[in-house]
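Observations on chain architecture
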Amino acid sequence: MALMNIFEGLASLFFVLLFAPLFAGLVNKQKAMMTGRVGAPVWQPYYDLFKLFRKETIRAKSASFISGLSPAINFAAVIIAASMLPVCNAHPLISFKGDIILFAYILGTARFFQILAAMDIGSSFEGMGASREASFAIFVEPIFFFTLGSIAFITGFTSISDIYRSIAMDRMSYTVFIVVCSISFFILAVTECSRMPVDDPNTHLELTMIHEVMILDNSGQDLFFYQYSGNIKLLIYIVLETAFYYPLGAGLTAVGVTIFALNILFVSFVLAGVETVTSRFKLKDMPHYLLFAAAIGILNLLIFTFNK
Amino acid sequence: MFSLRDMFFISMLIQAASILAPVFIGGQRRASALAHITLVAGLITGFISSFLAVFFPMAHTVGTGFFGLPPEYFRFDPLALYFLCVVQAVAIPTAVFSYSYLEHYIGEGRSVKSLYVFFAGMLIATQMVVTINHAIVFLVFWEATSMSAYLGMIFEKEKKEVQKGSFYYFVMNHVVIFLLYIFFFILHRQTGSWLLSDFRVVTGNSGLTALLFLLALAAFGMKAGFMPFHFWLPRAHPIAPSTISAFLSGIIIKLGIYGLFRAFQILSPAPLWIGWLVLVVSMITAIFGVWYALAQHDIKKLLAYHSVENIGIIGIGMGIGFIGSAYANIPMQILGFGGALLHVLNHAVFKSLLFLGSGVINNNLGTRNIELMGGIVHKAGFFVFLFLTGSVAICGIPPLNGFVSEFIIFNSFFTAARELKEYYPLMMLVSAVGLAFVGGLAVACFTKINAIMFLGTQRGETKPFHVSAYDYISLGVLALLCVVIGFCPVPFINAVNNVVSGIVPQGGAELLNINWLYITVIFTLFSAVALAMYFISKAMRKKFGFRESDAWCCGYNRLGPRMQYTASSFADQINDIARAPLGYHKKGRAGEGIFPPSSGFESHSADLVDNRIIVPGYKKFISLMSAIRLPGNTDIRYYVAYILIMIIVYSVVGFLWH
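The model shown is predicted, which means the values in this text are computed figures rather than measured ones.

Some details on the overall build of chain B
- Tallying secondary structure elements over chain B gives 24 helices and five strands in all.
- The C-alpha radius of gyration of chain B comes to 26 Å, within 12% of the 26 Å expected for a compact globule of 658 residues.
- Overall, chain B is about 90 × 65 × 55 Å in size when its C-alpha atoms are taken along their principal axes.
- Of the contacts formed within chain B by residues at least 6 apart in sequence, a portion of 81% connects residues at least 24 apart.
- Element-wise, carbon and sulfur atoms account for 68% of the exposed surface of chain B, whose accessible area totals about 25,700 Å².
- Mean positive and mean negative side-chain charge positions of chain B (42 and 28 charges, respectively) differ by 4 Å.

Describing the overall build of chain A
- Across its full length, chain A holds 11 helices and one strand.
- The order of helices and strands in chain A, counted from the N terminus, is α-α-β-α-α-α-α-α-α-α-α-α.
- Since a compact globule built from 308 residues should have a radius of gyration of about 19 Å, the 19 Å found for chain A is in line with a globular shape.
- Projected onto its principal axes, the C-alpha positions of chain A cover 60 × 45 × 40 Å.
- Considering only contacts within chain A whose residues lie at least 6 apart along the sequence, 80% involve residues at least 24 apart.

Examining the domain arrangement of chain B
- Segmentation of chain B into domains returns domain 1 (268-510), domain 2 (579-586 + 601-627) and domain 3 (634-658).
- One C-alpha centre belongs to domain 2 of chain B, the other to domain 3 of chain B; they are set 36 Å apart.

As for the side chain of Thr 131 of chain B
- Along the chain, Thr 131 of chain B turns up in the loop between helix H5 (113-129) and helix H6 (135-153).
- The contact partners of Thr 131 of chain B, leaving out residues within four places of it in the chain, are Phe 8, Tyr 73, Phe 74, Arg 75, Phe 76 and Leu 84 of chain B.

Comments concerning a nonpolar patch on the surface
Residues and elements named next belong to chain B.
- A contiguous nonpolar surface patch, about 780 Å² in accessible area, is contributed by Phe 167, Val 171, Val 175, Tyr 618, Phe 621, Ile 622, Leu 624, Met 625 and Ile 628.
- At the level of elements, helix H7 (160-191) and helix H23 (608-627) are the ones that each hand at least two residues to the nonpolar patch.
- For the nonpolar patch, the element with the highest residue contribution is H23, accounting for five residues.
- Relative to the helices and strands, Phe 167 is located in helix H7.
- For Phe 167, a relative accessible area of 36% puts it in the partly exposed group.

What to know about the interface of chain B and chain A
- Taken together, the contacts link 76 residues of chain B with 78 residues of chain A.
- Summing both partners gives a buried area of about 6,800 Å² for chain B against chain A, and 77% of it is carried by carbon and sulfur.
- It is Phe 414, Phe 526 and Tyr 565 of chain B in chain B that bury the most area against chain A; as a group they hold 10% of the surface buried on that side.
- On the surface where chain B and chain A come into contact, there are two salt bridges.
- Sorting the residues of the side of chain B that touches chain A by element identifies helix H14 (381-394), helix H15 (401-420), helix H16 (424-454), helix H20 (516-544), strand E3 (546-549) and helix H21 (567-577) of chain B as the ones contributing at least two each.
- No other element matches the 19 residues that H16 of chain B contributes to the side of chain B that touches chain A.
- Along the lines of polarity and charge, the residues of the side of chain B that touches chain A split into 54 nonpolar, 15 polar and seven charged.
- Note that strand E1 (residues 57-60) of chain A and E3 of chain B share four bridges and pair parallel.

Regarding H5 of chain B
- For H5 of chain B, spanning 17 residues, the distance from its first C-alpha to its last is 24 Å, which sits close to the expected 24 Å at 1.5 Å a residue.
- Extensive coverage of H5 of chain B is indicated by the burial of 13 of its 17 residues.

Brief notes about the packing of aromatic side chains
- One pass over the full model with this rule turns up 73 aromatic pairs over all chains.
- Ring plane angle 15° and centroid distance 5.0 Å describe the contact between Phe 96 of chain A and Tyr 518 of chain B, whose orientation is recorded as stacked. Here Phe 96 of chain A is found in the loop between helix H3 (65-82) and helix H4 (99-120), whereas its partner Tyr 518 of chain B is found in helix H20 on a different chain.
- A ring pair is formed by Phe 139 of chain A and Phe 437 of chain B, whose centres lie 6.4 Å apart and whose planes are at 35°; its orientation type is tilted. Placement of Phe 139 of chain A in helix H5 (residues 124-155) and of Phe 437 of chain B in helix H16 is noted, with the two residues assigned to different chains. Each member of the pair, Phe 139 of chain A as well as Phe 437 of chain B, is classed as buried.
- Sitting over the ring of Tyr 168 of chain B, Arg 235 of chain B keeps its end group 3.9 Å from the ring centre.
- Its guanidinium or amino end placed over the ring of Phe 546 of chain B, Arg 541 of chain B lies 5.4 Å from that ring's centre, counting from NZ or CZ.

What to know about the packing of helix H4 (residues 78-107) of chain B against H5 of chain B
All names here are of chain B.
- Contact pair H4 / H5: the axes reach a minimum separation of 11 Å and the direction vectors enclose 180°. When the interaxial angle is binned, H4 and H5 end up roughly antiparallel. Of the residues in H5, those in contact with Leu 84, Val 87, Gln 88, Ala 91, Thr 94, Ala 95, Ser 98, Leu 102 and Tyr 105 of H4 are Leu 115, Tyr 116, Phe 119, Leu 123, Thr 126 and Gln 127.
- Considering only residue class, the contact of H4 with H5 consists of 10 nonpolar, five polar and no charged.

Some points on unusual backbone geometry
- At the junction of Met 227 of chain B and Pro 228 of chain B, the peptide bond is cis and its omega measures out at 5° in the coordinates.
- Checked against the element boundaries, Pro 228 of chain B lands in the loop between helix H8 (206-224) and helix H9 (233-239).
- Omega for the bond connecting Pro 398 of chain B with Pro 399 of chain B falls within 30 degrees of zero, at 5°, which places this linkage in the cis form.
- By secondary structure assignment, the location of Pro 399 of chain B is in the loop between H14 and H15.
- Positive phi, close to 55°, is recorded for Ser 194 of chain A, a residue that is not glycine.
- Summarising the element assignment, Ser 194 of chain A is placed in the loop between helix H7 (171-192) and helix H8 (211-214).
- When its relative accessible area of 9% is taken as the criterion, Ser 194 of chain A is described as buried.
- Residue Ala 328 of chain B is not a glycine yet carries a positive backbone phi of 50°.
- Looking at the secondary structure, you find Ala 328 of chain B in the loop between helix H12 (299-326) and helix H13 (330-365).

Some thoughts on the confidence of the model for chain A
- Taken as a whole, chain A shows an average pLDDT of 85; of its residues, 97% reach a score of 70 or greater.
- Ranking the helices and strands of chain A by mean pLDDT puts H3 of chain A first, with 92, and helix H11 (residues 286-306) of chain A last, with 79.

A look at the state of the cysteines
- All told, the structure shown has zero disulfides over all chains when counted by the stated rule.
- You can see Cys 193 of chain A has no disulfide; the closest cysteine sulfur is in Cys 181 of chain A, sitting 18 Å from it.
- Judged by its relative accessible area of 12%, Cys 193 of chain A is buried.
- We note that Cys 488 of chain B lacks a disulfide partner, and the nearest cysteine sulfur, in Cys 482 of chain B, lies 14 Å from it.

A word on the environment of Ser 598 of chain B
Residue and element names in this part refer to chain B.
- By the element assignment, Ser 598 lies in the loop between strand E4 (585-589) and strand E5 (600-604).
- Residue classification places Ser 598 among the exposed residues on the basis of a relative accessible area of 59%.
- A sequence separation of 546 residues divides Ser 598 from Leu 52, and the C-alpha atoms of the two residues are 64 Å apart.

Some details on the environment of Lys 29 of chain A
Residue and element names in this part refer to chain A.
- Position of Lys 29 among the secondary structure elements: in helix H1 (residues 2-34).
- Taking the C-alpha atoms as reference points, Lys 29 and Glu 141, 112 residues apart in sequence, are found 30 Å from one another.
- Once residues lying within four places of it in the same chain are set aside, the contact partners of Lys 29 are Val 38, Gly 39, Ala 40, Pro 41 and Val 42.

What about the pattern of salt bridges?
- As enumerated under the stated definition, the model contains 17 salt bridges over all chains in all.
- In this structure, the salt-bridge partner of Arg 547 of chain B is Glu 56 of chain A, at a minimum N-O distance of 3.2 Å. With one member in each of two chains, Arg 547 of chain B in strand E3 and Glu 56 of chain A in the loop between helix H2 (44-53) and E1 form a pair that bridges those chains.
- On the accessibility criterion, Glu 56 of chain A (31% relative accessible area) is partly exposed.
- Close ionic contact of Arg 29 of chain B with Glu 103 of chain B constitutes a salt bridge, the shortest N to O distance being 3.1 Å.

A short note on H11 of chain A
- With 21 residues, H11 of chain A extends 31 Å between its outermost C-alpha atoms, agreeing within 8% with the 30 Å of an ideal straight helix rising 1.5 Å per residue.
- Burial in H11 of chain A covers these residues: Met 286, Pro 287, Tyr 289, Leu 290, Ala 293, Ala 294, Ile 296, Gly 297, Asn 300, Leu 301, Phe 304 and Thr 305 of chain A.
- For H11 of chain A, the elements touching its buried residues are H5 and H7 of chain A together with H16 and H21 of chain B.

A look at the packing of H7 of chain A against H11 of chain A
Residues and elements named next belong to chain A.
- Relative to each other, H7 and H11 sit at 165°, their axes nearing to 10 Å. When the axis of H7 is compared with that of H11, the two are roughly antiparallel. Viewed along their axes, H7 and H11 form a crossing whose handedness is left-handed. Facing Ser 173, Tyr 174, Phe 177, Val 180, Cys 181, Ser 184, Ile 187 and Thr 191 of H7, the residues of H11 in contact are Tyr 289, Leu 290, Phe 292, Ala 293, Ile 296, Gly 297, Asn 300, Leu 301 and Phe 304.
- The residue inventory of the contact of H7 with H11, partitioned by class, reads 12 nonpolar, five polar and no charged.

What counts and how
Residues numbered from 1 in each chain as written. Chains lettered and ligands numbered in written order. Predicted model: local features only at pLDDT ≥ 70, side-chain atom pairs only at ≥ 80, totals over all residues. Heavy atoms only, no water. Helix = DSSP H or I, 4+ residues; strand = E, 2+ residues; numbered from the N terminus. Rg over C-alpha atoms; globule rule 2.2 N^0.38 Å. Contact = heavy atoms within 4.5 Å. Areas by Shrake-Rupley, 256 points an atom, 1.4 Å probe, with all protein chains shown as cover. Lys, Arg positive; Asp, Glu negative; His and termini not counted. Charge placed at Lys NZ, Arg CZ, Asp CG, Glu CD. Domains from an automatic or database assignment. Patch = residues over 30% accessible without salt bridge, like charges linked within 9 Å, V, L, I, M, F, W, Y side chains within 5 Å. Salt bridge = Lys/Arg side-chain N within 4 Å of Asp/Glu carboxyl O. Buried < 20%, exposed > 50% of the residue type's maximum accessible area, 1.4 Å probe, protein only. Buried area = accessible area lost by both parts, 1.4 Å probe. Nonpolar A, V, L, I, M, F, W, Y, C, P; charged D, E, K, R; others polar. Pairing = 2+ DSSP bridges. Expected span 1.5 Å × (residues − 1). Phe/Tyr/Trp six-rings, centres within 6.5 Å; stacked < 30°, edge-to-face > 60°. Lys NZ or Arg CZ within 6 Å of the ring centre and 35° of its normal. Axes fitted to C-alpha atoms, helices over the stretch in contact; angles between N-to-C directions. Parallel < 35°, antiparallel > 145°, perpendicular 65-115°, else oblique. pLDDT = per-residue confidence, 0-100. Disulfide = S-S within 2.5 Å. Left-handed = near helix turned anticlockwise from the far one by under 90°.

Structure (structure tokens):
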């Protein structure tokens, strides 16, 4: 049984590592089609990553050891976060009481070093991105606790896989709760993964970027790690988003995997749709948008607590 | 087997002997070297015995009296030993650092003997405070600690800011000791004993318990720096010599926490509203502490506000413990107090690391303004690495020690929600969100100072940066402790659990039941993956080529140091969100026309608690006091006479009373 669990966990991790670029490609392709373009093939992120990995690395003259350390730490943090994912409700590689805290905080480590690496260049472009990333990030962990964390407080389970299993078991009494939580969580995912309407991944002006401007001066293997970690992080959040609706019974069976794949496809469609119809918010308005997500969380919880 | 009491006294004697060196030896350098060697030797002797007593509780006996001192005057219970161990663990690196720090002043031609004497006196008195069991002696050493810290603080007393800043600390200490007098006298009236271990309140007397709790919270809370009593920290820390401010922030404010634990032992169980009061005040302290920190440009002031934040985090854990005690809930108490106690150790370690680091920076650059720094990483890479270790630890992010204690506190939230039901899940969720918010702000703050101080290129005039071997040793030891507690928390958890079972006698294994092995394995895994990726990319760089180039600047190549992001601009967006409570305001004037003349920008923030409560209250108090006009308002001899008269009146009243 224990061996089976480890196998399942490794399979999930492998799945995330393998398909993360594909998911990004999928979103981009759908977005292109919705705006009436042909778009790059869905495999494009793989080509890009492969190309980056084999390229010469150029660093700024003012860069220090932080610039070398940060891509590796980012990647390691994302790997640890990915190994807590309940893909298809399978047993994750890392699952223990309180791992929800580790999940939130290990992504904080990645962010810490990413911001430092951006400031390492000493250019005001990167400074701008770092400052914006830092100021939006202060809302990320609170929103995370308002969504996934609120379920932990209500059900009493503190491990991500247990939390999802517990809501799958008693879906009736949590229906409204789950729907609202998943909406808040979607906002969180959009913020964390620097997608529209918080950040425009395809923008071409340094002044308007958030995440992209932080890695402006990175190239070669450094950029490879950043891009790949970004892809994995996106898939992590999307898997957590779909897990709100994943049926309990369908584990790692053929039916289960199909449902899972359809779910992911659906979310990628939604993400592409949102990115097509919205434009990026003004930076000034961003805290309001994020606080809105937090407010939904609070309201939701109040209703849940007093409606018992 | 060894006798703890004997070891303690031997170590105290060696430490006290070190004070003789600067008194009897003329040469500054020789005196300083001899004194520090003696002091460190004494501290290590003490540390070994307290370390063994904390981590291997079976290996010692308390022993009998020494020098004819009554044995009951000292108390070597787990709580005292734990704090003693923390004090000594931080004191050793600080003392090592002190040597090279004083060297800097000697180089300037100043006499450092007074600073050394007060520094050593502060260490010794602090170790006494946590072990003394007699209320009056406790107060004496409490005062000795505060005053030697004060006297050390005013080392550069010719500076105006030093006189002003230290005065707040001085006043605060006397308010604290005044409240403590009342606290101990009431307890003495209740029990007829002066021993802390005998103090009790008659059960059922809830009014008195509440009063005593409020007294203890006011007195010890002021020492610890809870809001709104935090006003003295950002004033006293920047002006103190770094050795003093490191110990002040790492240890002396923890004496307030120690006092609160002792008060809880005397008064437990706490009323529910006290628990909530502590929790809410701590939450406010933590959030606004870190937010005020974010708006600072003075490195030491910023770190002082971070001490406020961390005291808040410790207080959150204690609040959960108090609430647990009101409900007679064992798991909550164990996790809450356990988290608080471990955070005491953690904060002591990383905050002294950061303060000592700021001392090195201050000595080299001659400024505390981070806006003038930058590019230190190119001159002292390893020093930056050590400072960065402390920064990661204080943010509470994996894989260092800050995460471990915050993890326990988060667990105490979950436990409270699970055990008490009702409205607790909601309240605990809000607390968890608050703590997560604090973590996010801390990340923003520490990326700010690390980035602005160390990375990029130097903003002000370029100076050489020298870090001595002693600095490296002391910072290295503290950084190593951060790593060890983070990666291998089990022995420390055992020690804390031992202490907690002294506070919560019923005991329980909640702390030990957390799966610490997972934390160790995951952190190791994390580091292994990160290192592997680092070396892979290094190998790839070798294979596919590597070169350095100018940073991207939209096609230009005139990227000067002054064009870098500054600390104010980095934090601007976050400070804008809380403009009102921070008193954050900006002044800018942009040049106009085709060839604009010079333009400027400045941003300021104020401490609202300070500006609205403390300073006006102080002014009002002064004007009220000066309204009382007695004859001879200007001559000090009249005041001496008044004091004499009061003493006589008190003595007569006291004599007739009995």
